[in-house]
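# Analysis of the macromolecular model
For reference, the chains in residue letters:
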Amino acid sequence: MIYSKSLTNPVEASSPRRRCGFYNFDRLPYQEAWTWQQSLVAARRSNPDLEDIFILLEHPPVYTLGKGASLEFLKFDPTCSDVELHRVERGGQVTYHCPGQIVGYPILNLRYYQTDLHWYLRQLEGVILQVLAEYGLKGDRIEGMTGVWLEGRKIAAIGIKVSRWITMHGFALNVCPDLKGFEQIVPCGIANKPVGSLAEFVEGINPDRVRQQIATAFADTFAVELTELKLPTQGEPI
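Scope of this entry: the structure provided in the associated data block. The residue count restarts for each chain, going from 1 along the sequence in the order it is written. The predicted nature of this model means local features are confined to residues of pLDDT at least 70 and side-chain atom pairs, given and counted, to a pLDDT of 80 or more, with totals for whole chains, interfaces and linings taken over all residues. Side-chain figures throughout are based on the complete set of non-hydrogen atoms in the structure, without hydrogens or water.

Time to look at the side chain of His97. Numbered from the N terminus, helices here are DSSP runs of H or I no shorter than four residues, and strands are runs of E no shorter than two. With respect to the helices and strands, His97 occurs in strand E6 (residues 94–97). What makes His97 buried here is its relative accessible area of 7%. There is a polar contact of 2.6 Å between the side chain of His97 and the side chain of Gln101. Residue contacts follow a heavy-atom distance rule, with two residues in contact if any of their heavy atoms lie within 4.5 Å. Dropping the residues within four chain positions of it, His97 is found in contact with Tyr30, His59, Pro60, Pro61, Val62, Thr64, Val103 and Ala172. Think of it in three bands: residues with accessible area under 20% of the maximum for their type are buried, residues over 50% are exposed, and the middle band is partly exposed, with areas taken using a 1.4 Å probe on protein chains only. Throughout this description, a polar contact denotes any pair of N or O atoms lying within 3.5 Å of each other; where both atoms belong to protein, one of them has to be capable of donating a hydrogen while the other can accept it, and for residues adjacent in sequence the pair is counted only when both atoms sit in side chains.

For the rest of this paragraph, the subject is the side chain of Lys154. Within the secondary structure, Lys154 is located in strand E9 (residues 153–163). Put simply, Lys154 is tucked away with no salt bridge, and the nearest opposite charge, on Glu125, sits 8.0 Å away. When neighbours within four sequence positions are excluded, Lys154 is seen to be in contact with Thr146, Gly147, Val148, Trp149, Asn174, Cys188, Ile190, Pro194, Val195 and Gly196. Charge assignment: positive for Lys and Arg, negative for Asp and Glu; neither His nor the chain ends contribute. The term salt bridge refers to a pairing of a side-chain nitrogen on Lys or Arg with a carboxyl oxygen on Asp or Glu at a separation within 4 Å.

When the charged atoms of two side chains lie near each other, side chains of opposite charge can form a pair. One pass over the full model with this rule turns up seven salt bridges. Its salt-bridge partner being Arg18, residue Asp52 comes within 2.6 Å of it at the nearest N-O pair. Of this pair, Asp52 sits in strand E3 (residues 52–58) while Arg18 is found in strand E2 (residues 18–27), placing the two residues 34 residues apart along the sequence. The burial state of Asp52 is the same as that of Arg18; both residues are buried. A salt bridge links Arg19 to Glu51; the shortest N-O distance between them is 1.9 Å.

Of the two site types, the cavity is a set of points on a 1 Å grid over the protein atoms alone where a 1.4 Å probe fits but cannot get out, and the pocket is an open set with protein on both sides within 12 Å along at least five of seven lines, each lined by residues with an atom within 4 Å of a point. Grid points are joined across faces, edges and corners, and a volume is the space filled by probe spheres set on the points. Space inside the largest pocket adds up to approximately 470 Å³. Looking at the largest pocket, it is lined by 29 residues, and the ones nearest its centre are Gly91, Gly92, Ile158, Gly159 and Ile160. The set of elements that each furnish at least two residues to the lining of the largest pocket consists of E6, strand E7 (101–107), helix H2 (117–133), E9 and strand E10 (166–174). Top contributing element to the lining of the largest pocket by residue count: E9, with seven residues. The residue classification treats Ala, Val, Leu, Ile, Met, Phe, Trp, Tyr, Cys and Pro as nonpolar and Asp, Glu, Lys and Arg as charged. All others, Gly included, are polar. A per-class count over the lining of the largest pocket returns 15 nonpolar, 11 polar and three charged.

Among buried residues, the Ala, Val, Leu, Ile, Met, Phe, Trp, Tyr and Cys ones that are joined through side-chain atoms within 4.5 Å form a nonpolar core. Leu173, Val210, Ile214 and Phe222 are the most contacted members of the largest nonpolar core, which totals 40 residues. Mapped by element, the contributors of at least two residues to this core are E2, E3, H2, strand E8 (148–150), E9, E10, helix H3 (207–222) and strand E11 (224–228). Among the elements that make up this core, the one with the highest residue count is H2 (nine residues). Counting 21 residues, the second largest nonpolar core, distinct from the first, contains Leu28, Ile53, Val103 and Ala172.

Our focus in this paragraph is the packing of aromatic side chains. Here the aromatic set is Phe, Tyr and Trp, taking the six-membered ring for Trp, and pairing holds for ring centres within 6.5 Å; pairs whose planes are under 30 degrees apart are stacked, those over 60 apart are edge-to-face, and all others are tilted. Following the criterion strictly, the structure yields 14 aromatic pairs and no others. Where Tyr120 meets Phe222, the ring centres are 6.0 Å apart and the plane angle is 55°; that geometry is what we call tilted. Of this pair, Tyr120 sits in helix H2 while Phe222 sits in helix H3; the two residues are 102 residues apart in sequence, bridging distant segments of the chain. By the burial criterion, Tyr120 is buried, and Phe222 matches it. By the ring-pair criterion, three or more aromatic residues cluster together here, those being Phe22, Phe54, Tyr113, Trp119, Tyr120, Phe171, Phe218 and Phe222. A positively charged side chain is recorded as over a ring if its NZ (Lys) or CZ (Arg) lies within 6 Å of the ring centre. The angle to the ring normal must also be within 35 degrees. The ring centre of Tyr112 lies 3.6 Å from the NZ or CZ of Arg18, which sits over that ring.

Here we take up the sheet that holds strand E4 (residues 62–65). The rule for pairing is simple: two strands pair if DSSP sees at least two bridges between them. In spatial order, the strands read E5-E4-E6; together these three strands make up an open sheet with mixed pairing. Each edge of the sheet is formed by a strand with only one pairing partner; in this case those strands are strand E5 (84–87) and E6. Here the strands of the sheet are splayed against their neighbours by 20° on average, with no regard to which way each runs. In this structure, E4 lies alongside E5, joined through four bridges in parallel fashion. Note on E5: the bridge partner recorded for Thr64 is His86. The axes used here are C-alpha line fits, helices contributing only the stretch in contact, and every angle between their N-to-C directions lies in the interval 0 to 180 degrees. Across the sheet, helix H1 (residues 30–46) lies against E4, E5 and E6, angled at about 25° from E5, the strand it touches most.

What follows is the structure, given as structure tokens:
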């Protein structure tokens, strides 16, 4: 299946669309997805001609800390927690992933787009803003912060790592998660901005439909031909 729209977008519309493989997972443990990303990035550092990859999935409950994140934003003792906690190489502070939150991991070679990290972050925000617009919702950016807000609630978090202009990590959109897990942290280190979800604004929100909307918005924003790839069967390495 190919996801794209013939709409004007921030990447030069007259350029041929770059092929981007698309994996649409149901749910994957964080450690497994993290290791997979590292492998994909390493392969593309060795061979920059490899196609880009875009992964959508959900995670079981897990907390992640950015490379320089402070433990003071945890409201629990990490040595006594039943929920996984990982310190990873992305930027940003602490965040929470759980079922009902759709996570996107683009593995892109920015040399084929723009070698500008601020541009890339704004494009990821643009993907989320386009999805919200599908529901008649106007998301907001806040100057000096990264992410997307809806009526004052942070609905999407973004944290990235770029190595030799190849990206990993990405964004997390709260569709219909149990938000209680966020009560155990200061999300993204921002104490005065509550976390929200699409389900609070759209009755009966369908996560599968949101996934398709994210895929279309991503293809539109980055002007790529997003081609769905076969998922590995159980027991196969990813």
